[in-house]
Amino acid sequence: MRETTIKTPDFLKKSNLQTFGFFLLFSALVWVLVQLSKDYTQVVSIPLEYVNPPMDKSVAEEKPVSVEVRMQDKGFSILYFQLFRPELQIDLEQAREENGQLVYSIEANREDIARQLDIDFEETRFLADEIIIDFQPKKLKRLKVVPKLNLSYAVGYSANEEIRLSPDSIDVSGPESIIDTIKEINTFPLTRSDISNDISGRIAIDTTGLGMLSFYHNEVSYALEVEKFTEGQVQVPVEVQNVPQDVNLSIFPQEVKLFYQVNLKQYDLVRPEDFSVVCDFEDITEGQDYLLAELVRKPEFVTNIRISERKIQFIIKR
C-alpha cells in the first residue's frame, strides 16, 4: 500500500514562526520589566555644572567634573541616571572658602541637591562629603564707562550738558595680565535721531572680547536733558599777548563777532565781557602778516561758538 504524505502549507509555517517570535519578545519584555522593578544598589556618576562663580575669583580649569553616588533604588531609576546622566548644578555662592579653595558641602545643600536630582537622601549616599574646587584670585579694578553716542537733534534743539551715566564707573575683576591693559570700558552704541525731548534709559556694557573678565554691572542708566536752543552773537575785542615793549603794533580788525548757541532760557544771561579772544605775538613766523585769533574764555552754558574772522592782520610801526 502507498503512504500518503501531508504537506504543511507555507502560510501555516510563517504564521507559527511569527507567533513564536511574538511570545519570545513578550516574554523577554516581561522579564526586563520584572528585573527593573526590583531594588538594586548601584554606584552612578553624576556630571557637575558650576554656576554663580565668585566675581573676585577665577575657578581653575582642572576641577571635579562628576561626583559618585551609591543609589539604592528601583532598577528603573538607576537606569535613568545611567542613560540620561542628569547634571547637578553646584552653586558656588553656597561654597565656603577654606585654605585657598572653595568647599561645597553635600550635607549643607542636600535640599537643593534632592530637588535637582529628584532623589531620596535616605536611600542615596554621596561617596564624597564635599566637593573641593581650586581657584585663583582676580584683580579688582574700577573702570570709567565711556558712552558711544550717535545722536542728532531736531532743528533748534540741543543738549545743555553731557549725557549722565549711573554709575559712571564700574568694578571689573580678572587676571592681572589682562586687566592692567584696560583703562576704560565702552557701552554699546546709543543711536537716537531727531531728538527734541529729554531721553533716558539703560544701555549695555560692551564686553566683546573680554570673556576672561567679570563685570559687576552689565549695564548702566543714562539720562540726557534736551533744551530749545537759539543762536546769538556778540562783538568782542581782540587782545594781543606777548608784544615786546619796543614794538608798536596795529591790528585789523580790532573786534570780531562770535556766533554761538545758547539755551533759550539763558539767552539774556550772555554778555560780551564773558568772552575773551586773544592772539599771541610769539606765534608769528617769518613772512607771516597775520595772527590767529583764539577763544580762551566763554560762559559754560554757551556752545558751538564760531569766530567771524580768525586771521587778524597786523602792521608793526617803526
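For the structure, check the block above.
(A) Looking closely at the packing of aromatic side chains. This structure, assessed with the given rule, holds 2 aromatic pairs. Considering the side-chain rings of F121 and F126, the 5.7 Å spacing of their centres and the 20 degrees angle between planes classify their relative orientation as stacked. Taking relative accessible area as the criterion, F126 reaches 6% and is therefore assigned buried. Positioned above the aromatic ring of F135, the side-chain terminus of K57 is 5.4 Å from the ring centre. Between K311 and the ring centre of Y290, over which it is positioned, the NZ or CZ distance is 4.8 Å.

(B) Representation of helix α3 (residues 110-117) in the model. Looking only at α3, the buried set comprises I113, A114 and L117. Each buried residue of α3 sits inside an arc of 100 degrees when the element is viewed along its axis, so together they form one side. Summarising the geometry of α3, the exposed residues directed more than 90 degrees from the buried face are E111 and R115. Note on α3: the residue one or two positions beyond its end, D118, has a positive phi of about 55 degrees.

(C) Spotlight on the side chain of E227. Relative to the helices and strands, E227 resides in strand β19 (residues 226-241). In this view, E227 contacts G156, Y157, S158, N160, N263 and K265; residues no more than four positions away in its chain are not counted.

(D) Layout of the sheet that holds strand β20 (residues 248-252). Here we have 3 strands laid out as an open sheet, ordered β20-β26-β23, and antiparallel in their pairing. Strand pairing shows two members of the sheet lacking a second neighbour, β20 and β23 (290-292), which therefore form its edges. Neighbour-to-neighbour, the strand axes of this sheet turn through a mean angle of 40 degrees, independent of strand direction. Note: β23 against strand β26 (residues 311-317), 3 bridges, orientation antiparallel. The residue bridging L292 from the neighbouring strand is K311, located in β26.

Calculation criteria
- Residues numbered from 1 in each chain as written.
- Predicted model: local features only at pLDDT ≥ 70, side-chain atom pairs only at ≥ 80, totals over all residues.
- Heavy atoms only, no water.
- Phe/Tyr/Trp six-rings, centres within 6.5 Å; stacked < 30°, edge-to-face > 60°.
- Buried < 20%, exposed > 50% of the residue type's maximum accessible area, 1.4 Å probe, protein only.
- Lys NZ or Arg CZ within 6 Å of the ring centre and 35° of its normal.
- Helix = DSSP H or I, 4+ residues; strand = E, 2+ residues; numbered from the N terminus.
- Arc of directions from axis to C-beta.
- Contact = heavy atoms within 4.5 Å.
- Pairing = 2+ DSSP bridges.
- Axes fitted to C-alpha atoms, helices over the stretch in contact; angles between N-to-C directions.

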